[in-house]
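For reference, the chains in residue letters:
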Amino acid sequence: MNWIRVCAEHELAPGETRVVWDGDTPILVLNYDGLLFAYEDRCSHEDYELSAAPFDAAEGVLECLLHSAKFDVTSGRPLCPPAYAPLVKFPVKVEDGAIWTRDDR
Ligand code: FES
């Protein structure tokens, strides 16, 4: 399974996000206070893009625009209804000065 290049390491500053595709899978990559996380860009409540909402880097929370479910950005754990399932988490790494992720399912 191949890794997907997200961007150069310096192009994703703390508080910023990127969306890349691995085949048919949209992956939301975030820099939260210098730590990188990657999730399927799909709310676990219904099929809606989490990247449509701004990332609240102060609280470390991803909020879905459609019905306002919130998720812990470090784990993908839901913090409030109407979402009860965690987000799908993907691996992310820094190599050769770039950020990489992939759909490892
Ligand atoms: S689709 Fe995200 S909260 Fe409903």
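Computed from a prediction, not measured in an experiment: that's the story for all the values here.

On to the pairing of strand E8 (residues 92-95). Sheet topology places E8 next to strand E9 (residues 98-101); four bridges connect them, and they run antiparallel. When the bridges of E9 are listed, Val94 appears paired with Ile99. Between the antiparallel neighbours E8 and E9 lie two residues, among them Asp96 with a positive phi of about 55°.

Below, the discussion takes up the side chain of Asp72. In this structure, Asp72 sits in strand E6 (residues 70-72). When neighbours within four sequence positions are excluded, Asp72 is seen to be in contact with Tyr39, Gly60, Arg77 and Leu79.

Of all hydrophobic cores here, the largest spans 14 residues; its most connected members are Leu30, Tyr39, Leu50, Leu62, Phe71 and Leu87. Listed in part, the nine residues of the second largest apolar core include Val6, Ala38, Phe90 and Ile99.

What counts as what
- Residues numbered from 1 in each chain as written.
- Predicted model: local features only at pLDDT ≥ 70, side-chain atom pairs only at ≥ 80, totals over all residues.
- Heavy atoms only, no water.
- Pairing = 2+ DSSP bridges.
- Helix = DSSP H or I, 4+ residues; strand = E, 2+ residues; numbered from the N terminus.
- Contact = heavy atoms within 4.5 Å.
- Core = buried A, V, L, I, M, F, W, Y, C linked by side-chain atoms within 4.5 Å.
- Buried < 20%, exposed > 50% of the residue type's maximum accessible area, 1.4 Å probe, protein only.

Worth remembering: the numbers are spatial, not functional.
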